[in-house]
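# Structural overview for review
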Amino acid sequence: MLRSMTGFGHCEYTENDISFTIEIKTVNHRYIDIFLKMPKQLSTFEDMIRSLASAKIQRGKIDIYITYDNKSSDSQEVILDEGLAKAYCDALRKISDELGLRDDISATSLARFPDILKVEKQENNEEVGKVLEKAFNIALDELVQMRTREGEKLKESLLANLSAIEDYIEKIKEKAPLVVREYKEKLEMRLNELIDLQRVDPARIATEVALFADKCSIDEELVRLKSHIIQMREMLDAGSPVGKKADFLIQEMNREVNTIGSKASNIDITRNVVELKSEIEKLREQIQNIE
């Protein structure tokens, strides 16, 4: 399936009193670029999150936001900051000595100072990791589904662009023989104005016309354009990722159209070349959204 690079996935998931809220947003980007914001205590799972994301998304800027709450009954540990406690104790003794105050420092009074004691929850990382993986995959699947829906809409638009391009190619193909005929008529007209046309060697005129026909022939460019369109359709049917290959094909299509424009002197062909460029530009803009 063809996928867009724009999408959004969201999940709120709770299991065994462990809760996660996850949001994933993606936008266009030439390569894959992952920005991850989550609580510090989940940092051990960063590699897992990045691996899960890159396994299902090959291209785009990915913003991942994770919030977390754990109300499970895991054991808690009280942590003493011994260095800070000693510093407070020394400061209190200094106040007592310098001001002649009674020294009534106790463990109870010292424990009331900020950051002396900290309560840390001893979490089961294995269980937290399993719940996180489930929650993240739910959000990721929602994101991929949205990117797929958008991709199918883009595919319809891209196929319409390709059909329009084919129509203009056919119009140019119809007019291509006129280029040589018009040149022959103009050449004979100019010669007729200068000299008696009866005295001009017909073989010389034929040679001049043949040289011009070879110089202004656009048959090869038209064949290559048709080939590029066939390739593009095959790529769109094959599904993502196709964005980078499609970018290259569009560059080649533009090159062929520019060559046709430089060779053709027929006004109708020139007009159709302008329309062709417009359709290819629409195609290029749409392809920027494809993974």
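An account of the accompanying structure is given in this report. (Residues numbered from 1 in each chain as written. Predicted model: local features only at pLDDT ≥ 70, side-chain atom pairs only at ≥ 80, totals over all residues. Heavy atoms only, no water.)

### Description of the pairing of strand β1 (residues 7-15)
Sheet topology places β1 next to strand β2 (residues 18-27); nine bridges connect them, and they run antiparallel. Paired with Cys 11 across the strands is Ile 22, a residue of β2. Hairpin geometry of β1 and β2 is characterised by an intervening segment of two residues between the two adjacent antiparallel strands and by a positive phi of about 55° at Asn 16. (Pairing = 2+ DSSP bridges. Helix = DSSP H or I, 4+ residues; strand = E, 2+ residues; numbered from the N terminus.)

### Thoughts on the side chain of Thr 148
With respect to the helices and strands, Thr 148 occurs in helix α4 (residues 125-194). Leaving out residues up to four positions away in the same chain, Thr 148 has contacts with Met 1, Leu 2 and Arg 3. (Contact = heavy atoms within 4.5 Å.)

### Side note on the packing of aromatic side chains
Under the counting rule described, the total for this entry stands at three aromatic pairs. Here the aromatic rings of Phe 35 and Tyr 65 are separated by 6.1 Å at their centres, their planes lie at 65°, and the arrangement is edge-to-face. A residue pair is termed long-range when its members are at least 10 positions apart, and Phe 35 in strand β3 (residues 32-37) and Tyr 65 in strand β4 (residues 60-70) qualify at 30 residues. A ring pair is formed by Tyr 88 and Phe 113, whose centres lie 4.5 Å apart and whose planes are at 25°; its orientation type is stacked. Taken together, the residues Tyr 88 in helix α2 (residues 82-99) and Phe 113 in the loop between α3 (107-111) and β6 (117-121) connect sequence positions 25 residues apart. The exposure class assigned to Tyr 88 is partly exposed, which follows from its relative accessible area of 24%. (Phe/Tyr/Trp six-rings, centres within 6.5 Å; stacked < 30°, edge-to-face > 60°. Buried < 20%, exposed > 50% of the residue type's maximum accessible area, 1.4 Å probe, protein only.)

### Brief notes about the nonpolar core
In terms of nonpolar packing, the biggest core is built from 32 residues, with Ile 165, Ile 172, Met 232, Met 253, Ile 260, Leu 276 and Leu 283 touching the most fellow members. The greatest single-element share of this core, amounting to nine residues, is contributed by α4. For Leu 283, the contacting residues outside a window of four places in its chain are Leu 158, Asn 161, Leu 162, Ile 165, Met 232, Ile 250 and Met 253. Ranked by size, the runner-up nonpolar core spans 26 residues in total, among them Leu 36, Ile 49, Leu 140 and Leu 143. (Core = buried A, V, L, I, M, F, W, Y, C linked by side-chain atoms within 4.5 Å.)

### Details of the sheet that holds β4
Judged by pairing direction, the sheet is mixed, and its four strands sit side by side in the order β1-β2-β4-β3 without closing on themselves. Both edges of this open sheet fall to β1 and β3, since each of them pairs with a single strand only. Neighbour-to-neighbour, the strand axes of the sheet open up by a mean angle of 15°, direction not taken into account. Lying over the sheet, helix α1 (residues 46-56) contacts β3 and β4, oriented at roughly 140° with respect to β3. (Axes fitted to C-alpha atoms, helices over the stretch in contact; angles between N-to-C directions.)

### Overview of the packing of helix α6 (residues 219-238) against helix α7 (residues 243-263)
Their axes nearest at 10 Å, the elements α6 and α7 cross at an angle of 160°. On the basis of the axis angle, α6 is roughly antiparallel to α7. At the point where α6 passes α7, the crossing takes the left-handed sense. Note on element contacts: α7 touches α6 through Lys 245, Ala 246, Leu 249, Ile 250, Glu 252, Met 253, Glu 256, Val 257, Thr 259, Ile 260 and Lys 263, opposite Glu 221, Leu 222, Arg 224, Leu 225, His 228, Ile 229, Gln 231, Met 232 and Met 235. Considering only residue class, the contact of α6 with α7 consists of 11 nonpolar, three polar and six charged. (Parallel < 35°, antiparallel > 145°, perpendicular 65-115°, else oblique. Left-handed = near helix turned anticlockwise from the far one by under 90°. Nonpolar A, V, L, I, M, F, W, Y, C, P; charged D, E, K, R; others polar.)

### Observations concerning a nonpolar patch on the surface
Residues Val 78, Leu 80 and Leu 117 make up a contiguous nonpolar surface patch of about 280 Å² in total accessible area. Judged by its relative accessible area of 47%, Leu 80 is partly exposed. (Patch = residues over 30% accessible without salt bridge, like charges linked within 9 Å, V, L, I, M, F, W, Y side chains within 5 Å. Areas by Shrake-Rupley, 256 points an atom, 1.4 Å probe, with all protein chains shown as cover. Salt bridge = Lys/Arg side-chain N within 4 Å of Asp/Glu carboxyl O.)

### Quick word on the packing of α7 against helix α8 (residues 267-287)
Contact geometry of α7 with α8 gives a least axis separation of 10 Å together with a crossing angle of 170°. When the interaxial angle is binned, α7 and α8 end up roughly antiparallel. Facing Gly 243, Ala 246, Asp 247, Ile 250, Met 253, Asn 254, Val 257, Asn 258, Ile 260 and Gly 261 of α7, the residues of α8 in contact are Ile 269, Val 273, Leu 276, Lys 277, Ile 280, Leu 283, Arg 284 and Ile 287. Looking at the contact of α7 with α8 residue by residue, the class counts come to 11 nonpolar, four polar and three charged.

### What about the pattern of salt bridges?
Applying the stated criterion to the full structure yields 22 salt bridges. Between Arg 59 and Asp 247 there is a salt bridge whose closest N-O contact spans 3.6 Å. Taken together, the positions of Arg 59 in the loop between α1 and β4 and Asp 247 in helix α7 put the pair 188 residues apart, joining distant regions of the chain. Residues Glu 166 and Lys 226 are paired through a salt bridge, measuring 3.6 Å at the closest nitrogen-oxygen approach. Of this pair, Glu 166 sits in helix α4 while Lys 226 sits in helix α6, and the two are 60 residues apart along the sequence. When salt bridges that share partners are traced, they join Glu 220, Glu 221, Arg 224 and Glu 256 into one network.

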